[in-house]
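Secondary and tertiary structure notes
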Amino acid sequence: MPDSLKPVRVRFAPSPTGHMHLGSARTALYDYLLAKQTHGQFILRIEDTDVKRYVPGAEEELMEGLRWLGLEWDEGPDKGGPYGPYRQSERKEIYQKYAQQLVDEGKAFYCFCTPEHLSRVREDQQRRKIPPHYDGTCRNLSREEAEERIKNGEKYVIRFKTPKEGATTVHDHLRGDITVENHTLDDYILVKSDGWALYHLAAMVDDHLMKITHVIRGSEWLPTFPLHAMLYRAFGWEEPVWVHLSVFLKPSGKGKMSKRESAELIKDGYSIFIKELKQLGYLPEAVVNWTSLMGWSYDDHTEFFNLPDLVEKFSIDHLNPSPAAINFTKFDYFNGLHIRALTDADLAQRVKPFFVEQGYQVEDAQLLKIAPIIKERIGTLDEAVPMAGFFFKQEVTPVREELVAKGLTAEQSAAAAQKALDLLSSYSTIDLNVVEPPMRELADQLQLSIGQLFGILRVAVTGQRVSPPLFESMEIIGRDVVLERIKRAIAILQ
Ligand code: GLU
C-alpha cells in the first residue's frame, strides 16, 4: 500500500486557554481530512496542564466548535478510546515516568537554579548581547548530589540535556530538511517545579503513546521543533511525519493573526472566533471551505468545496508554507455560495434561530416558503431577519417619504396605490401568475414606470425599500394582510 493511503492517526491538541479561532479550525480540519481519506483516526486531546491559563468552559467551546464545523473525532476525552485518558491533566504520572527515564539515562537533568539566579543570568546575557539561554549550572551535577538536594526539599525542574556539539537535522513535510547547530538550542525545561510536564515532553510522550503518525500543528512550533525531534530520538521512538502549517496574517496583511489582538479582527460583523462566526450568521460549510484554502489548494481554479469533496481531494502534499492573509471579503463570497447551495428546508431551519433570537414568532411552513426567495439575497444568515422580518410582523410601519415614488407627489403616489388596491381587491387570492400581468398593465395605464408603482407597493407591503420579490412576497403574506397594509400606506400618504 502506498504511504499516502495507509490509515493515519492524527490529533488535534488544543489548550483550553481561550476561544477557538480560525487557526485551530484549520488545523483540526486538515487533521480530520487526512484521517477520513485514509480511513484512519482523528483524535481530540486536551492539553490542559497549564493551570494558570486554563479558561473554564473553553473545552466545551472547542468541542462545540468542532461539531459545528462537522469535524467529529474518533477518540477523545468525552468518548474515550484505546489510548486514553485524552486529557493531559489526567496523565501527570505518565510524563513523570518518561522524564525519569531520560534522567536515568543521562539525557535530562535536575536543575535547582532559583528564579533569582536565572534572572541574574538573563540580565548578564542581555548586557553581553548574547541570546538568552540556560547557563548550565546544574547540567553536570552528580546523581548523588542531586538526590541529596531533592531529599533536603530543594525545588527543582527537569531539563533536557541538549547536546552542545554538532548539528541536528529535522524534516518538515512542507519545508524539507531544517538543520540547526545544537549550541543554538537551550536546555529546555521538560518538567516544572510543580511536577507538571511542559508541552515539549507531554505532547511528544502522548503523540508516541497514542501512535500518532502525522503531527499537524502551527508554525509557532518550528523554533522548538528540533527539541521535539531530539526527544523522540532520545527515547528511540519512530518520528511522526511533521507538518507545520503556514501562519495566518491579519486582514491588512501586516503581521500575524493573534488572538490577543482581537480588536483589529473582530469588527464590522467579522470575527476570527468560531463561536462568534456562528452568531454572525456564517455557515460552517463556508468556514470549512474558506479555511481549507488558507494553506492548501487543489488546482489553480477550483474553489467550491464541501466537506466530502475535501475528504476526497485534500492532500498534505499540496500544502503551502507561505503565510495566508485572512480575507474576509473572500469569506463572504464563500458564505454566499454555500447559502445558495442549501436546500430550502435546510436554509429555513438555519435562519430560524436568528428570527427567534430577535423575538419573532415564526412558523416553519411560512419559513419554508420564504427560504427560496431570500436565498439569493442574503450574505449571512442573520441578514434574513431585516430582509424577511416583515412576514412575521402584525403590522409594518412604512416611512412616509419612502412611500412617495420618485418623480411623484404624495397625492399622486396615494392615488396610484388606490388603483392598485382596487385591482388587487378584485381577486379572491393573490396568485403571482394571475395578478402580476394586470398590475404591469396598470402601471402602463397610469403612465408610471414599473419601478414607481411597484416601489410604492413594496414599501407599503413590506415596510422596506429592499425586499424579496414583491409578488412572491405578497403571495406568501396573503390577500387580506396585503390589502390591509396598502390601505394603511394610503392613509399615511394622505
Ligand atoms: N496545545 C498546543 C497548542 O494549542 C498543541 C500544539 C500541537 O498541535 O502540537 O498550541
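Criteria and cut-off values
Residues numbered from 1 in each chain as written. Predicted model: local features only at pLDDT ≥ 70, side-chain atom pairs only at ≥ 80, totals over all residues. Heavy atoms only, no water. Near = heavy atom within 4 Å. Polar contact = N/O pair within 3.5 Å; in protein donor to acceptor, adjacent residues only side chain to side chain. Areas by Shrake-Rupley, 256 points an atom, 1.4 Å probe, with all protein chains shown as cover. Nonpolar A, V, L, I, M, F, W, Y, C, P; charged D, E, K, R; others polar. Helix = DSSP H or I, 4+ residues; strand = E, 2+ residues; numbered from the N terminus. Buried < 20%, exposed > 50% of the residue type's maximum accessible area, 1.4 Å probe, protein only. Contact = heavy atoms within 4.5 Å. Phe/Tyr/Trp six-rings, centres within 6.5 Å; stacked < 30°, edge-to-face > 60°. Lys NZ or Arg CZ within 6 Å of the ring centre and 35° of its normal. Pairing = 2+ DSSP bridges. Axes fitted to C-alpha atoms, helices over the stretch in contact; angles between N-to-C directions. Parallel < 35°, antiparallel > 145°, perpendicular 65-115°, else oblique. Left-handed = near helix turned anticlockwise from the far one by under 90°. Right-handed = clockwise from strand over helix to strand, strands pointing away.

So, on to the site of the ligand. The full set of residues close to the ligand is Arg11, Ala13, Pro14, Ser15, Glu47, Tyr199, Arg217 and Trp221. In this structure, Arg11 approaches the ligand through a side-chain N or O atom, which is 2.6 Å from an oxygen atom. Measuring from a nitrogen atom of the ligand, one finds a side-chain N or O atom of Glu47 at 2.6 Å. Burial of the ligand by the protein amounts to 82% of the accessible area it has alone, namely 300 Å². Residues of the shell around the ligand, tallied by class, amount to 4 nonpolar, 1 polar and 3 charged.

Residue position: Ile212 is located in the loop between helix 6 (199–209) and strand 8 (214–218). Residue classification places Ile212 among the buried residues on the basis of a relative accessible area of 7%. Counting along the chain gives 195 residues from Ile212 to Thr17, while the straight-line C-alpha distance between them is 23 Å. Once residues lying within four places of it in the same chain are set aside, the contact partners of Ile212 are Arg9, Val10, Arg11, Ile43, Asp207 and Pro240.

Looking at where Arg350 falls in the secondary structure, it is placed in helix 13 (residues 344–357). Taking the C-alpha atoms as reference, Arg350 lies 8.9 Å from Leu283; in sequence the two are 67 residues apart. Discounting chain neighbours no more than four positions away, the residues touching Arg350 are Leu283, Pro284, Glu285, Leu342 and Leu381. Within polar-contact distance, the side chain of Arg350 engages the side chain of Asp346 at 2.9 Å.

Below, the discussion takes up helix 14 (residues 364–374). It helps to recall that an α-helix has 3.6 residues per turn; residues three or four apart then point in one direction. Along helix 14, the residues that are buried comprise Gln366, Leu367, Ile370, Ala371, Ile373 and Ile374. Those residues of helix 14 hidden inside the fold are in contact with helix 13, helix 15 (384–388) and helix 20 (470–477).

Moving on: the packing of aromatic side chains. Scanning the model with the defined rule gives 25 aromatic pairs in all. Seen in terms of ring centroids, Tyr98 and Trp237 are 5.6 Å apart; in terms of plane orientation they differ by 75°. Their pairing is edge-to-face. With Tyr98 in helix 3 (residues 92–104) and Trp237 in the loop between helix 7 (225–235) and strand 9 (241–245), the pair connects residues that are 139 residues apart, well separated along the chain. The class of Tyr98 is buried, set by a relative accessible area of 11%. Using a relative accessible area of 13% as the deciding quantity, one classes Trp237 as buried. Plain terms: the ring middles of Tyr232 and Trp242 are 5.6 Å apart, the flat faces sit at 85° to each other, and that makes the pair edge-to-face. Taken as a pair, Tyr232 in helix 7 and Trp242 in strand 9 lie far apart in primary sequence, 10 residues in all. Using a relative accessible area of 1% as the deciding quantity, one classes Tyr232 as buried. An aromatic cluster is present here, built from Tyr98, Phe225, Tyr232, Phe235, Trp237 and Trp242 joined pairwise through their rings. Geometry around Tyr134 places Arg159 over its ring, the cationic atom sitting 3.9 Å from the centre. The lysine or arginine in question, Lys313, covers the ring of Tyr298, its NZ or CZ lying 5.6 Å from the ring centre.

Across the sheet, which stays open at both edges, the 3 strands sit in the order 3-4-7 with antiparallel pairing between neighbours. Among the strands making up the open sheet, the edge pair consists of strand 3 (108–111) and strand 7 (189–191). Direction aside, the axes of adjacent strands within the sheet are offset by 40° on average. Sheet analysis places strand 4 (residues 157–160) next to strand 7, joined by 2 bridges and oriented antiparallel. Bridge pairing in strand 7 links Ile158 to Val191.

Orientation of helix 14 relative to helix 20, taken along the N-to-C sense of each, is 180°, at an axis distance of 11 Å. Classified by the angle between their axes, helix 14 and helix 20 sit roughly antiparallel to one another. Contacts between helix 14 and helix 20 involve Gln366, Lys369, Ile370 and Ile373 from the first element and Glu472, Ser473 and Ile476 from the second. Of the residues assigned to the contact of helix 14 with helix 20, the class counts are 3 nonpolar, 2 polar and 2 charged.

Where helix 17 (residues 410–425) contacts helix 21 (residues 479–493), the axes come no closer than 9 Å and their chain directions differ by 160°. Considering their axes alone, helix 17 and helix 21 lie roughly antiparallel with respect to each other. Seen from above, helix 17 lies across helix 21 with left-handed handedness. Across the interface between the two elements, Ala410, Ser413, Ala414, Ala417, Gln418, Leu421, Leu424 and Ser425 of helix 17 pack against Arg479, Val482, Leu483, Ile486, Lys487, Ile490 and Leu493 of helix 21.

What follows is about the pairing of strand 9. Among the 5 residues in strand 9, 4 count as buried, and that is most of the element. Where the polypeptide runs from strand 8 across helix 7 and back to strand 9, its parallel neighbour, the crossover connection is right-handed.

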